[in-house]
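# Analysis of the macromolecular model
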Amino acid sequence: MMTESQALETLTREDPEAAGDARAALAWLTGDEGLGTISLLRLQEFLWYALPVKWPMSTSGRVGVAKALGRLFLLAGLDRYAGVCSSAGTERIITAYADGHEEGIAAYTEAIEESNAAPPDTELLAWGSVMGAQERAAYDACAAALELAFASGELCAGARGWRTKRVDIVNRWLTGRPEIAVASPADGRDAGQQAEAARDGVPGNDTWLGRISAERIDAWAHGRPGERSRLARGLIPRLLEPPAVPDDPLPTLRWLLGHASEGLRLTARHYIAPALVTEAVEEFGWRDQLVGTLRQELDVFPLHTLRGMAQSEMGAIRRSRTSLVLTRTGRLMTADPAARWHIGTAALIGPDDGPQPDFSVAVREAALLVILTSGPTGYDELTRLLTDIHGVEGWAAGNGTGLASAVRTELYTLRHRLWALHLLGTERSFSAPLSLTDTGVTAALSALLARALRPRHHLGLG
């Protein structure tokens, strides 16, 4: 097996042009850190994304770079990496970009998933597609640990329970000491030596998971312009020491999930049956807060909102013919009150997982920031404050009536969500300030913490 310099010298004698391509590719991959820093995931990301997207050359030229790098790896004794470089699959992915960027990205994404080189999401952490330095370092460390596990035979794709074992390995690295270096399989240390080094680490609060959480909270609190960032920074101490989960978290949600566990009956038009609407109205005091007969789901705004949140955003229930039934998430929320609380409160603000920021999510987040900082706030004052915040952030030009109207609409949506989860203050008229119960304050903090810790999928606001 040759050293890196010996392999480059040999390749230069064989094919000077190929040696130049391999040297340039190696510099992109490793900087000045050498072959020992390469991992399978890093190599795949270079070959299947960076090379076809960021190297301005012809498709055939890019394929040539990949093959030259493969020859270098072969000379250095890294046969597995050489195989990836010279494979028909790599040439197919590079060629796919010639048909369009989206086609290339689709081929790259599919190949990464099939290779099992990328660390999977776990119950402890969902990876973002936009990562900070700590998250990227943890991602690479977990990828290297998985690669070693596959190379040593600890993991075998397709074997019974291998996916669960893969998740366990990622969780072990996320909760272990970041200082325990993950060497590349190319550096000569075997998997047993790597695992022994990991076990020598002293468990503590300074883990990859802790670092990622701190990094995400910092990005959430400091990554936006103006007033939103100031409000978020002021709430960090309260977010880091949130109150305990209530004894009976989110009772309206518990009621809905409880009925869905037995199959919640729907009408022919797929609304909640009148008898159950009446039960909810009486149990949660909605008869004193609404007018009319209140026998239809659409007559009871908080119930209709609750169902929509549980079905569309929490993913806790789904319709099966003429009934609402629990999903896997719903069963977890039914069995575990803490899970019900965290998933339910996160839905106050709502998801934001697309490639672009979501205006509705941004307004609801900002509204909770203001209320937690300033206390109960009238709708007119909230509309003015939030219109200013979102105008500065570039959601619309100036502070015109169009932006103010959109903000006001989202405030009403937030009000309905708070009401649905039994978190809205007792004064519910639109002329009264928007306020929270004591449990509502706790829920709002929980929602903002979930927002701060979420995986990032875009570089924009929020």
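In what follows, the accompanying structure is described. (Residues numbered from 1 in each chain as written. Predicted model: local features only at pLDDT ≥ 70, side-chain atom pairs only at ≥ 80, totals over all residues. Heavy atoms only, no water.)

### Thoughts on helix 9 (residues 162–174)
- For helix 9, with 13 residues, the first-to-last C-alpha span of 18 Å sits near the 18 Å given by 1.5 Å per residue.
- Inspection of helix 9 places Trp162, Arg166, Val167, Ile169, Val170, Asn171, Trp173 and Leu174 among the buried residues, and these make up the whole buried set. (Helix = DSSP H or I, 4+ residues; strand = E, 2+ residues; numbered from the N terminus. Expected span 1.5 Å × (residues − 1). Buried < 20%, exposed > 50% of the residue type's maximum accessible area, 1.4 Å probe, protein only.)

### Focus: unusual backbone geometry
- Not every positive phi belongs to a glycine, and Arg321 is a case in point at roughly 60°.
- The topology assignment puts Arg321 in the loop between strand 2 (317–320) and strand 3 (323–326).
- A relative accessible area of 74% means that Arg321 is categorised as exposed.
- The phi torsion at His422 lies on the positive side, around 65°, for a residue other than glycine.
- Of note, His422 is situated in the loop between helix 20 (401–420) and helix 21 (438–453).

### Observations concerning the packing of aromatic side chains
- Tallied over the entire structure, the rule returns 10 aromatic pairs.
- Relative to Tyr108, the ring of Tyr49 lies with its centre 5.7 Å away and its plane at 35°, an arrangement referred to as tilted. Taken as a pair, Tyr49 in helix 3 (residues 40–54) and Tyr108 in helix 7 (residues 101–115) lie far apart in primary sequence, 59 residues in all.
- Taking the relative accessible area as the measure of exposure, Tyr49 reaches 27% and is therefore partly exposed.
- A ring pair is formed by Phe359 and Trp395, whose centres lie 5.4 Å apart and whose planes are at 65°; its orientation type is edge-to-face. Linking Phe359 in helix 18 (residues 359–374) with Trp395 in the loop between helix 19 (379–392) and helix 20, this pair joins segments that are 36 residues apart in sequence.
- Relative accessible area serves as the criterion here: at 18%, Phe359 is assigned to the buried category. (Phe/Tyr/Trp six-rings, centres within 6.5 Å; stacked < 30°, edge-to-face > 60°.)

### Thoughts on the sheet that holds strand 2
- If you trace the three strands from one edge of the open sheet to the other, you get 1-3-2, paired in antiparallel fashion. At either margin of the open sheet sits one strand with a lone partner, and together these are strand 1 (264–265) and strand 2.
- Helix 15 (residues 301–313) rests against strand 2 and strand 3 of the sheet, and its axis sits at about 95° to strand 2. (Pairing = 2+ DSSP bridges. Contact = heavy atoms within 4.5 Å. Axes fitted to C-alpha atoms, helices over the stretch in contact; angles between N-to-C directions.)

### Focus on the nonpolar core
- If you look at the biggest cluster of nonpolar residues, it comprises 73 residues, and the most contacted ones within it are Leu253, Trp286, Leu303, Leu386 and Leu448.
- Setting aside residues up to four positions removed in sequence, Leu303 forms contacts with Trp255, Ile272, Val277, Ala280 and Trp286.
- Leu26, Leu41, Ala50 and Ile212 belong to the second largest nonpolar core, which has 62 residues in total. (Core = buried A, V, L, I, M, F, W, Y, C linked by side-chain atoms within 4.5 Å.)

### As for the pairing of strand 3
- Judged by which residues are buried, strand 3 turns out to be covered on both faces: Ser323 and Val325 on one side and Leu324 and Leu326 on the other are all buried.
- Pairing of strand 1 with strand 3, which is carried by two bridges, proceeds in the antiparallel orientation. Bridged to Leu264 within strand 3 is Leu324.
- As judged from the four bridges shared by strand 2 and strand 3, these two strands associate in the antiparallel manner.

### Focus on helix 1 (residues 4–14)
- Where helix 1 is concerned, the buried positions are Ala7, Leu8, Thr10 and Leu11. One side of helix 1 carries all its buried residues, which in axial view fall inside an arc of 165°.
- Buried residues in helix 1 make contact with helix 2 (16–30) and helix 4 (59–75). (Arc of directions from axis to C-beta.)

### Structural notes on the packing of helix 12 (residues 226–240) against helix 18
- It is at 10 Å that the axes of helix 12 and helix 18 come closest, and there the two elements cross at 60°. On the basis of their axis angle, the class for helix 12 and helix 18 is oblique. In this structure, the crossing between helix 12 and helix 18 has a hand that is left-handed. Taking contact as the criterion, the partners of Arg228, Leu231, Ala232, Leu235 and Arg238 in helix 12 are, on helix 18, Ala362, Glu365, Ala366, Leu369, Val370, Leu372 and Thr373.
- Residues belonging to the contact of helix 12 with helix 18 are distributed by class as follows: eight nonpolar, one polar and three charged. (Parallel < 35°, antiparallel > 145°, perpendicular 65-115°, else oblique. Left-handed = near helix turned anticlockwise from the far one by under 90°. Nonpolar A, V, L, I, M, F, W, Y, C, P; charged D, E, K, R; others polar.)

### Focus on the pattern of salt bridges
- With the rule as written, the count across this model stands at 21 salt bridges.
- Arg71 is the partner of Glu14 in a salt bridge, and the nearest nitrogen-oxygen pair spans 2.6 Å. One end of the pair, Glu14, is in helix 1; the other, Arg71, is in helix 4, with 57 residues separating them in the sequence.
- A residue is classified by how much of its surface remains accessible, and Arg71, at 30% relative accessible area, is partly exposed.
- Put simply, Arg80 and Glu147 hold a salt bridge, and the shortest N to O gap is 3.3 Å. A residue pair is termed long-range when its members are at least 10 positions apart, and Arg80 in helix 5 (residues 79–86) and Glu147 in helix 8 (residues 133–152) qualify at 67 residues.
- On the basis of relative accessibility, which here comes to 5%, the residue Glu147 falls in the buried class. (Salt bridge = Lys/Arg side-chain N within 4 Å of Asp/Glu carboxyl O.)

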